[in-house]
Amino acid sequence: MANTSLRRRANAKKGKQRNKQGSTNTNTNVDVDGDGDGNVSDRVQVVTNDTKSPMDDNTQATSASTSAAVKAKAKAKASKSSRKKYHKSSSGNSNSNYTNTRRRSVGDDSGGGGEEGDIFRIARCILLVVIAIVVAASITIARQGKSPFSFDATKIKQKKKKKIQKEATGARAGAGLKDDPGRRKERANGNANNISRRRFTKEDFDIVDDEESVDWDRNDLTLQRTNDFLTNYVCSDDTHAAATLSNSENVASAYCHPLLKPEPARRTHSVAKTASNDTIKNGDIIMVLPRHLLIWDLDAMRDPFVADQLLEARHGETGNPLDSGAFLASYLVRLKLKAGGLWSNEDDHYDTGTVNIGDQDQYQEKRMAFLNMLPSYQTLQKTHPTLWSDNELATLFGRLTPTFALVRGYKNMMNSEFDAFCAASDAFNDNVDREDYVTMRIHVMSRSFGPGLSDAESWLEEEMSGVHHTLELQDELDFYQSKAGVDLTRGTRAMSPILDMWDHHAVPNVQWRYRKGDRAFVITAANTATSEEGIGIGGIPSGQDIMVSYGTYTDTHLFAKFGFVNGDGSEHTEASVAIMHPMLEIGTGFQFSYLIATEQVVENKIIRKMVASPRDHESQKRTMLNYLRYDDGYEECVTKESNPEGYQLKLLKLLHLEKIANRSDRWTVKIKPRDLDSNPSASSDIPILMDQAPKFDPSKVKFDGSRVISTCRLVALTTADYDGKAIDVLTKGLLENSNGDHDFMVDRQSSALEYRALTCLARLTTGALELYPSKVRVDMKDLAGGKFTFQSKEWTAAHVRLGEMQTLEVLRSIAKSGASQMKSKVRDEGGEYEVGMNIHRAPCPLENNMKLLEEEITMFGGTSM
């Protein structure tokens, strides 16, 4: 209530009228490219009703329809000239643009005076208001094909119901959900171009051309070219007239909001200043990026050269298929080399045009303008960790840490893809350098956006049928699946000029969505921006950079994929307790894995599994023995001779650990953002936090650690657990999970087991913290004291490892506190010390466990489970 009053008072002082805003949609991510981190390189936004996002659970609601009477009254009372922008009502009707001009008050009319004249003038105003109401209502009803004087209660209820449904649909659409059937049907009837009715022109604003505010050198040729690209690539696009994509007529033309101001030094846009201090209102369209300006992985896979020579390429170590992003990168590299006259293969007769567009030269020129704007390899070396050496990464993050493993995984992925393409195609091998490919692959990984899940029954059919290919939809999908191992129904990705240049924050001021009916990304202003006084303004003020969300990431994944973090605690954090073994599943999902994809037919069903190679399995198995060196719950260390049953149980635990060794959810914990209330700064070159570093509020920490504690329960099991039937339970678990994905969980049993499991977790978190080259208190002090230059390599690395170390400290604190509580509970219950509460201070000799490797071979009839 207080915030509402502040808002009203602030707006009254500025002489502006704003619609009351609702909340915005909960934003989360669909794992389109299957990178396993809850996002995608495609950055697809959706809405979830059953789970909460790390961002505020807001729901975007369209502005309530304003009656003609209210508008007329507000217009009559306006005391100063200001330009008014229309707002599309939630019912779907758009109001005309109009300008509020300065008017004389009623009493100043020179046509008469005295009491009778005043009464007459008041009566005349009332009559005009009534007439305005009737005319507006009549026009609205007439547009709907109804009599202005008809009344149908049933239809009014239906209209109200449709309005509510449309408001909900609009809110869902704002965060990237697929169109509902009603909207698809509406577009099919020729009503797809409703976005054009919400477009502004420069004449709608009195933009201030402030030469003194220009913060870039206009004599710098690079900045000149960047400024030209930001100004014209989308905003002045003239290729739409030539575009004849697919058999659809509903292709939106490019559009930029006239208040978008190029910021070439930062390679982004901000909101320009106006004489009336206008803001870009919540829901206003910021930009429309049509299909003919995008470059999809689908375009790449349709390219004759890619289809003929590269689709059968496979990763050398595993034989796994390549990600569709690899084909997109190879296509873009070849496109750029050919345009520069650097593709020297004389036998190359393939055409690079893949989209049916009228003027191929004009279209190619647009694409090359985009490709030439992408940062070079030398530029990326300064910021992207995949181009740093392993030694440098180890110095900054330590080995066996999530960041080191993920960055190294991406490096290996790109190098493996390049080797696979070189092995598949002599032409590719002769013309493409590793440096060129890796550069473009980083751009695809960090700059592509996802049009959405490819529902073959809806928009993908429109996208694929009749365009370039002669195959039917399902045949084309099957072709990519069988030849390249790529399943496009899981999602597609697109290089998205301009959109890819805007910076990221978990609380963006714009929302983006690919509108299938319009064949375009449509970016709209979000209701998240605040003024300097903290008053919600429901839009984007002048001077504010456009800020988009790439998706829901941990700082670890954000850094490994994009090469930056915001350093304000607005992202999730993660940490791993897998300190004894390197995980072969690194969190990149379908993009890349050290595991081998296999298929096995069991009872007429195809079982797909990811398994380690024999070499990797043997190496990983030996390291897993270290988790079993603490024989907690026993008085003495367990050997085959001294405790045969305990030894047998230990062997079963080893077999289970092997099964879950590469399941990240059994070793990794993700915690919600340290600061859910953090907002982006006005510009990406301004630190969000000054003189401090983000930290957890213990009272607000929430996470699901059930799967990690289950792993610790497995490690801490003794023969006394499960009422003395632990051996039977684990044996049964192995047999029941022999096919498919192994997901055996040890549920909570006795207080003694819980005490040992929590002690195990405390031990693992302490060991994990020792892997880092710094300490929490040191990084907190250095970041708060300004030791590192903002956004430098050292500053970024400190923030990334700080988040991981803080997560480990939270886990350790919870584990120690819980263990203490369990210890007290056992003493209260039993009164006497139990053997099951025994904790070994030092690990037992490793040779006690080495014999388990020999036993495993013969345990289940000669084969390992």
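Residues numbered from 1 in each chain as written. Predicted model: local features only at pLDDT ≥ 70, side-chain atom pairs only at ≥ 80, totals over all residues. Heavy atoms only, no water.

### Some thoughts on the overall build of the protein chain
Convention followed: Each helix is a run of H or I in the DSSP string that is no shorter than four residues. Each strand is a run of E no shorter than two, and both are numbered from the N terminus. Only protein chains enter the area calculation, which uses a 1.4 Å probe; residues under 20% of their type maximum are buried, those over 50% are exposed, and those in between are partly exposed. Contacts are assigned to residue pairs that have any heavy atoms within 4.5 Å of one another. In short, Shrake-Rupley with a 1.4 Å probe defines the accessible areas, and a residue's cover is counted only from the protein chains shown.
Scanning the protein chain from terminus to terminus reveals 27 helices and 21 strands. The proportion of buried residues among the 865 residues of the protein chain is 51%. When contacts within the protein chain are restricted to residue pairs at least 6 apart in sequence, long-range pairs at least 24 apart make up 78% of them. Looking at the protein chain as shown, the accessible area adds up to about 40,000 Å², and 49% of this sits on carbon and sulfur atoms.

### Here's the deal with the pattern of salt bridges
Spelled out, the test is: Salt-bridge detection follows one rule: a side-chain nitrogen of Lys or Arg within 4 Å of a carboxyl oxygen of Asp or Glu.
Counted by the stated rule, this structure contains 33 salt bridges. In this structure, Arg302 and Glu476 form a salt bridge, with 2.8 Å as the shortest nitrogen-oxygen distance. Taken as a pair, Arg302 in helix α7 (residues 297-302) and Glu476 in helix α17 (residues 473-484) lie far apart in primary sequence, 174 residues in all. One salt-bridge network, held together by shared partners, links Asp297, Asp323, Glu417, Arg441 and Arg493.

### Thoughts on the packing of helix α13 (residues 402-424) against helix α15 (residues 434-447)
Worth spelling out the cut-off: Axis angles are defined between N-to-C directions and span 0 to 180 degrees, where every axis is a line fitted to C-alpha atoms and, for a helix, only to the segment in contact. Any angle that is under 35 degrees is reported as roughly parallel, and any over 145 degrees as roughly antiparallel; angles of 65 to 115 degrees are reported as roughly perpendicular and all others as oblique. Left-handed describes a crossing whose near helix is turned anticlockwise from the far helix by less than a right angle; the clockwise case is right-handed. Classification used: nonpolar for Ala, Val, Leu, Ile, Met, Phe, Trp, Tyr, Cys and Pro, charged for Asp, Glu, Lys and Arg, polar for all others including Gly.
Direction vectors running N to C along α13 and α15 enclose 125°, while the axes themselves pass 10 Å from each other. Considering the angle they form, α13 stands oblique to α15. The crossing of α13 and α15 is right-handed. Residue-level contacts link Tyr410, Met413, Met414, Asn415, Glu417, Phe418, Asp419 and Phe421 of α13 to Arg434, Tyr437, Val438, Arg441, Ile442 and Met445 of α15. Taken together, the residues of the contact of α13 with α15 sort by class into nine nonpolar, one polar and four charged.

### Topic: helix α24 (residues 751-769)
Stated precisely, the cut-off is as follows: Between the first and last residue of a helix there are one fewer steps than residues, each counted as 1.5 Å, and that sum is the expected span.
Taking 1.5 Å per residue as the helical rise, α24 with its 19 residues ought to reach 27 Å, and the 27 Å between its terminal C-alpha atoms agrees with that figure. Counting buried positions along α24 yields 17 of 19 residues, so the element is predominantly enclosed.

### Here we look at helix α25 (residues 776-784)
The following threshold applies: Read the arc as the range of directions from the helix axis to the C-beta atoms.
Burial in α25 covers these residues: Val776, Asp779, Asp782 and Leu783. Buried positions in α25, seen along its axis, are confined to an arc of 135° and lie on one side of it. For α25, exposure combined with an orientation more than 90 degrees from the buried face picks out Arg777 and Lys781. At the C-terminal side of α25, Gly786 shows a positive phi close to 75°.

### Focus on the nonpolar core
So the rule is basically this: Grouping buried Ala, Val, Leu, Ile, Met, Phe, Trp, Tyr and Cys residues that are joined through side-chain atoms within 4.5 Å yields what is termed a nonpolar core.
One finds Tyr627, Leu657, Trp667 and Leu717 to be the most contacted residues of the largest nonpolar core, which totals 92 residues. Leu259, Tyr331, Met440 and Tyr550 belong to the second largest nonpolar core, which has 87 residues in total.

### As for the state of the cysteines
To be explicit about the condition: The disulfide definition used here is simple: a pair of cysteine sulfur atoms within 2.5 Å.
A full pass over the atoms with the stated rule returns two disulfides. Covalent S-S linkage joins Cys235 and Cys256, the inter-sulfur distance amounting to 2.2 Å. On the sign convention where negative is left-handed, the bridge of Cys235 and Cys256, at about -85° about the S-S bond, is left-handed. In this pair, Cys235 sits in the loop between α6 (221-232) and β5 (255-256) while Cys256 sits in strand β5, placing the two residues 21 residues apart along the sequence. On the basis of relative accessibility, which here comes to 11%, the residue Cys256 falls in the buried class. With a sulfur-sulfur separation of 2.0 Å, Cys637 is cross-linked through a disulfide to Cys844. Here the S-S torsion is close to -85°, and the disulfide linking Cys637 with Cys844 is therefore left-handed. Taken as a pair, Cys637 in the loop between α19 (614-624) and α20 (644-660) and Cys844 in the loop between α26 (793-830) and α27 (847-859) lie far apart in primary sequence, 207 residues in all. Within the protein chain, bonded cysteines paired by disulfides and numbered along the sequence follow the pattern 1-2, 3-4. Cys712 takes part in no disulfide bond, and the closest cysteine sulfur to it belongs to Cys760, at a distance of 3.7 Å. Residue class for Cys712 comes out buried when judged on its relative accessible area of 1%.

### Quick notes on the sheet that holds β5
What counts is decided by this rule: Being paired, for any two strands, means DSSP has found at least two bridges between them.
Ordered by their spatial adjacency, four strands build an open sheet running β5-β9-β15-β14, and the pairing between neighbours is antiparallel. Across the chains shown, the open sheet's two edge strands, defined by having one partner strand only, are β5 and β14 (510-515). Across six bridges, β14 lies against strand β15 (residues 520-525) in antiparallel orientation. If you follow Arg515 over to β15, its bridge partner there is Ala520.

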